[in-house]
Amino acid sequence: MTAVGEFLRFGVAHDWVPAATAELLSEPKLLRFAPPGYDCGESGQLRQVRAAAFRFKITEPGFEDLSSEQIRRMLALAPRARERFMVGLLACTGLRIGEALGLHRADMHLLASSRAAGCGIEGPHVHVRRRANNPNRALAKSRFSRCVPVTADLVALYTDYQYERDQVPQAADSPMVFVNLFRPPLGRPMSYPSTKEAFDRLARAAGHACRPHMLRHSAATRWLRDGVDRDVVQRLLGHASPLSMENYRHVDAAEARAAVEHVNWLRERS
């Protein structure tokens, strides 16, 4: 709101916006309590100031994570194996949607050992790499590559998706993991808009918001809540700075109550 207001005042100075418009942006206000260091004038004449006439109502922000029950419901409601695998991938690994859409099939090392592929990392995992030439313009935010372990359940979801994908001949030659299977252009990499449409349909079926980034929040929140070391979570999420994880730690009412009960000084202790 501040930026918009200053832009309108800038427009008035250049005769792009009527002066009356800028006058609507503020209104007189009497300072009952002056801030420290503020000079109110000898007779208090400077207590009359101009204050913003338009303000947002500040409310308690809603949590951006999903419960385990909600995620399982999303998996149950997803109409196709591709969508089930995408939901499972984001919830299991905490990948950003750009990182998921930018995955190549060669990045999916889902065997117990990937030495045959020249990779010495044991166990099923996914390589997240930044590529500037993806045909769907999907781009990993981090400039540093990382690998994220995955579970056997996610490998099963990927197997189901590969069976579904194999029914579309146009998808055979694409190196990308996520491709169009149900509407043209068949076999082309999925785009951000088509992914949003899929999640919007899933949200309507589930009866609650379910955006890709909420699944990333859910993974990070669950890891931190279960006591996973913050350095490990930072590495899994691909954050360069530990400060970037602050938005992913949501404290619920049960945790707050457990903390208070834990330090209940009024309770007799043996």
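The model shown is predicted, which means the values in this text are computed figures rather than measured ones.

(A) Representation of the nonpolar core in the model. Among the nonpolar cores identified, the biggest contains 46 residues, and Met74, Phe85, Met108, Tyr161, Val177, Phe178 and Leu215 are the most heavily contacted of them. When residues of this core are traced back to their parent elements, those giving at least two are α3 (68-77), α4 (81-93), α5 (97-101), β4 (125-128), α6 (152-166), α7 (192-206), α8 (212-225) and α9 (230-237). Ignoring anything within four residues of it in the chain, the contact list for methionine 74 reads Leu66, Val87, Phe199, Leu202, His208, Cys210 and Leu215.

(B) Here's a closer look at the packing of aromatic side chains. Under the defined criterion, the tally for this structure stands at 6 aromatic pairs. Plain terms: the ring middles of phenylalanine 10 and tryptophan 16 are 5.5 Å apart, the flat faces sit at 70° to each other, and that makes the pair edge-to-face. Relative to tyrosine 161, the ring of phenylalanine 85 has its centre 5.9 Å away and its plane inclined at 10°; by these criteria the two rings are stacked. Here phenylalanine 85 is found in helix α4, whereas its partner tyrosine 161 is found in helix α6, with 76 residues between them in sequence. Classification of phenylalanine 85 by relative accessible area gives buried; the value is 1%. The class for tyrosine 161 is buried, based on a relative accessible area of 0%. Arginine 80 extends its terminal NZ or CZ atom over the ring of phenylalanine 182, reaching a point 3.9 Å from the ring centre.

(C) Representation of a nonpolar patch on the surface. On the surface, a cluster of nonpolar side chains totalling about 350 Å² of accessible area is made up of Met1, Leu24 and Phe54. One can find phenylalanine 54 in the loop between β2 (48-52) and α3.

(D) Molecular detail of the pattern of salt bridges. A full pass over the atoms with the stated rule returns 11 salt bridges. Between arginine 131 and aspartate 107 there is a salt bridge whose closest N-O contact spans 2.9 Å. One end of the pair, arginine 131, is in the loop between β4 and β5 (146-149); the other, aspartate 107, is in the loop between α5 and β3 (108-109), with 24 residues separating them in the sequence. You'll find arginine 131 and aspartate 107 in the same group, each marked buried. Across the salt bridge formed by arginine 183 and glutamate 197, the nearest N and O atoms sit 2.5 Å from each other. Placement of the pair is arginine 183 in the loop between α6 and α7 and glutamate 197 in helix α7, with a sequence separation of 14 residues. Among the residues examined, arginine 183 registers a relative accessible area of 45% and is labelled partly exposed.

(E) How the structure looks around the packing of α4 against α7. Here α4 crosses α7 at 90°, and the two axes come no closer than 12 Å. By the angle class used here, α4 and α7 are roughly perpendicular. Of the residues in α7, those touching α4 at Glu83, Met86, Val87 and Leu90 are Thr195, Ala198, Phe199 and Leu202. Class assignment for the residues of the contact of α4 with α7 results in 6 nonpolar, 1 polar and 1 charged.

(F) View of the sheet that holds β5. Pairing is antiparallel in the open sheet, where 3 strands are placed in the order β3-β4-β5. Both outer strands of the open sheet, β3 and β5, are each paired with one neighbouring strand and no more. Here 4 bridges tie β4 to β5, and the two strands are oriented antiparallel to one another. Note on β5: the bridge partner recorded for histidine 125 is proline 149.

Calculation criteria
Residues numbered from 1 in each chain as written. Predicted model: local features only at pLDDT ≥ 70, side-chain atom pairs only at ≥ 80, totals over all residues. Heavy atoms only, no water. Core = buried A, V, L, I, M, F, W, Y, C linked by side-chain atoms within 4.5 Å. Buried < 20%, exposed > 50% of the residue type's maximum accessible area, 1.4 Å probe, protein only. Helix = DSSP H or I, 4+ residues; strand = E, 2+ residues; numbered from the N terminus. Contact = heavy atoms within 4.5 Å. Phe/Tyr/Trp six-rings, centres within 6.5 Å; stacked < 30°, edge-to-face > 60°. Lys NZ or Arg CZ within 6 Å of the ring centre and 35° of its normal. Patch = residues over 30% accessible without salt bridge, like charges linked within 9 Å, V, L, I, M, F, W, Y side chains within 5 Å. Areas by Shrake-Rupley, 256 points an atom, 1.4 Å probe, with all protein chains shown as cover. Salt bridge = Lys/Arg side-chain N within 4 Å of Asp/Glu carboxyl O. Axes fitted to C-alpha atoms, helices over the stretch in contact; angles between N-to-C directions. Parallel < 35°, antiparallel > 145°, perpendicular 65-115°, else oblique. Nonpolar A, V, L, I, M, F, W, Y, C, P; charged D, E, K, R; others polar. Pairing = 2+ DSSP bridges.

Nothing here speaks to function; it is geometry throughout.
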